[in-house]
Amino acid sequence: MVTTANELGQQGVTVVLNKGTKYATIWSKLITNFGGDASCVKRSVAPGEQLGCFGPTVSIRCGLGHNNAFSDVWMNANIYGYTDYVYKGVDC
């Protein structure tokens, strides 16, 4: 998850790198609890190529809560990875 320069906005981001020797078909889905969801279309990724999926930048919640971003990544029709990132809210 990325925090913008003003620290009052956040954006869910998934980045994948094809370390294999063959092309791979990759797509991903971002789910957040702060309104920054995104689905990234299927794309063929060459060996050594890096691919990013960016959710929208949205204002973060103020206070003691946590902002969560979850990312599912599929490669060649199989779920490849799942990450969960928690970023603590800030006092505004």
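Note: the structure precedes this text.
Notes on the structure follow. (Residues numbered from 1 in each chain as written. Predicted model: local features only at pLDDT ≥ 70, side-chain atom pairs only at ≥ 80, totals over all residues. Heavy atoms only, no water.)

1. With respect to the overall build of the protein
In terms of regular secondary structure, the protein is built from zero helices and nine strands. Its helices and strands in sequence order give the protein the pattern β-β-β-β-β-β-β-β-β, from N to C terminus. Within the protein, the proportion of its 92 residues that are buried is 34%. Here the contacts in the protein between residues at least 6 apart in sequence split such that 56% fall between residues at least 24 apart. Accessible surface for the protein amounts to roughly 5700 Å². Of this, 55% is attributable to carbon and sulfur atoms. (Helix = DSSP H or I, 4+ residues; strand = E, 2+ residues; numbered from the N terminus. Buried < 20%, exposed > 50% of the residue type's maximum accessible area, 1.4 Å probe, protein only. Contact = heavy atoms within 4.5 Å. Areas by Shrake-Rupley, 256 points an atom, 1.4 Å probe, with all protein chains shown as cover.)

2. Re the pairing of strand S5 (residues 38-45)
Note: strand S4 (residues 24-32) against S5, six bridges, orientation antiparallel. If you follow Ser 28 over to S5, its bridge partner there is Cys 40. (Pairing = 2+ DSSP bridges.)

3. Things to note about unusual backbone geometry
At Asn 76, a residue that is not glycine, the phi angle is positive and equals roughly 50°. Turning to its location among the elements, Asn 76 is positioned in the loop between strand S8 (66-75) and strand S9 (78-88). What makes Asn 76 partly exposed here is its relative accessible area of 41%. At Ala 77, a residue that is not glycine, the phi angle is positive and equals roughly 75°. Considering the arrangement of structural elements, one finds Ala 77 in the loop between S8 and S9. Residue classification places Ala 77 among the exposed positions, given a relative accessible area of 59%.

4. Section: the pattern of salt bridges
Opposite charge on two side chains allows them to pair when their charged atoms are near. Tallied over the full model, the rule gives one salt bridge. Among the salt bridges present, the one from Arg 43 reaches Glu 49, with a minimum N-O distance of 2.6 Å. What makes Glu 49 partly exposed here is its relative accessible area of 23%. (Salt bridge = Lys/Arg side-chain N within 4 Å of Asp/Glu carboxyl O.)

5. A short note on the pairing of S4
Where S4 hands over to S5, the hairpin turn is made up of five residues, of which Gly 35 adopts a positive phi near 90°. In this sheet, S8 lies alongside S4 in antiparallel orientation, the contact comprising seven bridges. Looking across to S8, one finds that Trp 27 is bridged to Trp 74.

6. Here's the deal with the environment of Leu 17
Relative to the assigned elements, Leu 17 resides in strand S3 (residues 13-17). Residue classification places Leu 17 among the partly exposed residues on the basis of a relative accessible area of 44%. C-alpha separation for the pair Leu 17 and Gln 50, spaced 33 residues apart in sequence, amounts to 4.3 Å. Residues within four places of Leu 17 in sequence aside, it is in contact with Gly 48, Glu 49 and Gln 50.

Honestly, that's just the spatial picture; any functional story needs more than this.
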